[in-house]
Amino acid sequence: KNSSIAIFPINIKKNINIIMGNQIATSYVRKRDCYNQLKGFMQHEYPGKICALYGLRRTGKTVMMYQYISELSDKDKEKTVYILCLRECDMLELRQAMEDLYDKGVRNFFLDEITEVTDFQKYGNTFSDYFAAKGAKIVIAGTDSLGIMLAQSDILYDRIQMIHTSYIPFAEFSKLIENDSVDEYIDLVIDYIEHLRPDLVLERFVSQSPKELLIAPDWGVKNYEFTEKVKKRMRERNAWQGKYYKP
């Protein structure tokens, strides 16, 4: 369950960190189910389109980037770069850095915390209409899901493939942590609730299937019983919806 990521910044500009692909490594081997969507985007042709990883913090966006880069051949790593956007970064600085890298042969760009770019909503189509149109692969990520979705509906309309990382089905949860305990799943649900916007309404946590159709998990817990368990555990943890929410 533990992971380590080795990164070696080779170029720290004023508001972005640039790390070449051959300087990234991760020992985290378990993969999210949605990793295959990222892999599919990178390995197939989508002319003029970019890919976006979006979701809550700690749901695997950056790790998925590292995992894909780490699995590349040495030759492809030389054509790959990871760029971390810092606060106050703007599209001019980012584009200039990307153009310089493109001229040096880089074709795979992984851009993390893209919503920190101050004018992303205005000039974000630079990624699709300029770099992707020239054959570059662009993957962006950010915890500001609203910012990415607004771009999807406006300047990046029909130019972006979205991969949502926040939703974790139980089967995937069990695979990742190698445990099928209802109590551990309840703690995961509460972790999620604590990061949700306080005014959102939660419709349900689980669903039920006929016994003869159920594959897993067989907890013998009805919907309302699961909800009561969540409420009880939240009281024990002094947890509430939006406890760690950051607008």
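Residues numbered from 1 in each chain as written. Predicted model: local features only at pLDDT ≥ 70, side-chain atom pairs only at ≥ 80, totals over all residues. Heavy atoms only, no water.

### Some remarks on the overall build of the protein chain
Within the protein chain one finds 10 helices and 9 strands. With the C-alpha coordinates of the protein chain rotated into their principal frame, the extents come out at 60 × 35 × 30 Å. Expressed as a percentage of the 247 residues in the protein chain, the buried residues total 41%. Of the contacts formed within the protein chain by residues at least 6 apart in sequence, a portion of 78% connects residues at least 24 apart. Carbon together with sulfur atoms contributes 49% to the accessible area of the protein chain, which is approximately 14,100 Å² in total. Distance from the positive charge centre (35 side chains) to the negative charge centre (35 side chains) of the protein chain: 1 Å. (Helix = DSSP H or I, 4+ residues; strand = E, 2+ residues; numbered from the N terminus. Buried < 20%, exposed > 50% of the residue type's maximum accessible area, 1.4 Å probe, protein only. Contact = heavy atoms within 4.5 Å. Areas by Shrake-Rupley, 256 points an atom, 1.4 Å probe, with all protein chains shown as cover. Lys, Arg positive; Asp, Glu negative; His and termini not counted. Charge placed at Lys NZ, Arg CZ, Asp CG, Glu CD.)

### Comments concerning the side chain of serine 166
Examined against the element boundaries, serine 166 turns out to sit in the loop between strand E9 (160-164) and helix H8 (170-177). Given a relative accessible area of 7%, serine 166 falls into the buried group. Separated by 2.7 Å, the side chain of serine 166 and the backbone nitrogen of leucine 56 make a polar contact. Those residues in contact with serine 166 that sit more than four places away from it in its chain are Tyr54, Gly55, Leu56, Thr59 and Tyr192. (Polar contact = N/O pair within 3.5 Å; in protein donor to acceptor, adjacent residues only side chain to side chain.)

### Side note on the pairing of strand E3 (residues 16-20)
Most of E3 sits out of view: 5 of its 5 residues are buried. The side-chain alternation of E3 yields two buried faces, one formed by Ile16, Ile18 and Met20 and the other by Asn17 and Ile19. Inspection of the sheet shows E3 paired to strand E6 (residues 80-85) by 5 bridges, in the antiparallel sense. Paired with isoleucine 19 across the strands is tyrosine 82, a residue of E6. (Pairing = 2+ DSSP bridges.)

### Comments concerning the packing of helix H1 (residues 35-43) against helix H2 (residues 61-70)
Axis separation between H1 and H2 bottoms out at 11 Å; the angle between their running directions is 50°. On the basis of their axis angle, the class for H1 and H2 is oblique. Handedness of the H1/H2 crossing: right-handed. Between H1 and H2, the residues in contact are Tyr35, Leu38, Lys39, Met42 and Gln43 and Met64, Gln67 and Tyr68, respectively. (Axes fitted to C-alpha atoms, helices over the stretch in contact; angles between N-to-C directions. Parallel < 35°, antiparallel > 145°, perpendicular 65-115°, else oblique. Left-handed = near helix turned anticlockwise from the far one by under 90°.)

### Description of unusual backbone geometry
Here the phi dihedral of glutamate 88 falls at roughly 75°; this positive angle occurs in a residue that is not glycine. Along the chain, glutamate 88 falls in the loop between E6 and helix H4 (91-103).

### Digging into the state of the cysteines
Counted by the stated rule, this structure contains 0 disulfides. Summary of cysteine pairing: cysteine 89 is not part of a disulfide, and the nearest cysteine sulfur, belonging to cysteine 85, is at 4.6 Å. Since its relative accessible area comes to 0%, cysteine 89 is described here as buried. (Disulfide = S-S within 2.5 Å.)

### Focus on the nonpolar core
Counting residues in hydrophobic clusters, the biggest one holds 34 residues, and the most contacted among them are Leu94, Phe109, Ile114, Phe127, Ile138 and Ile140. Of the residues forming this core, the biggest block, 6 residues, is contributed by H4. Non-local contacts of isoleucine 138, meaning those with residues more than four positions away in its chain, are made with Phe41, Ile50, Cys51, Met98, Phe109, Leu111, Phe127, Phe131 and Ala132. One finds Phe41, Met42, Ile69 and Leu72 within the second-largest nonpolar core, a separate group that totals 20 residues. (Core = buried A, V, L, I, M, F, W, Y, C linked by side-chain atoms within 4.5 Å.)

### Quick look at the confidence of the model for the protein chain
Confidence in the prediction for the protein chain averages 87 pLDDT; 90% of positions are at 70 or higher. Strand E1 (residues 5-7) is the least confidently modelled element of the protein chain, averaging 46 in pLDDT, while strand E7 (residues 108-112) averages 98, the highest of any element. Scored below 50 in pLDDT, residues 1-10 shows 28 contacts in the model against residues more than four places distant or in partner chains. (pLDDT = per-residue confidence, 0-100.)

### Structural notes on the packing of aromatic side chains
Per the stated rule, a full pass over the model turns up 8 aromatic pairs. Taking 6.1 Å as the distance between ring centres and 40° as the angle between the ring planes, the aromatic pair formed by tyrosine 68 and phenylalanine 110 counts as tilted. Taken together, the residues span a long stretch of sequence, with tyrosine 68 in helix H2 and phenylalanine 110 in strand E7 at a distance of 42 residues. Look at tyrosine 68 and you get buried, because its relative accessible area is 7%. One aromatic cluster in this structure is built from Phe109, Tyr130 and Phe131. Across the ring face of tyrosine 35, the terminal group of lysine 31 is positioned such that the distance to the ring centre comes to 5.3 Å. The lysine or arginine in question, lysine 134, covers the ring of tyrosine 102, its NZ or CZ lying 4.0 Å from the ring centre. (Phe/Tyr/Trp six-rings, centres within 6.5 Å; stacked < 30°, edge-to-face > 60°. Lys NZ or Arg CZ within 6 Å of the ring centre and 35° of its normal.)

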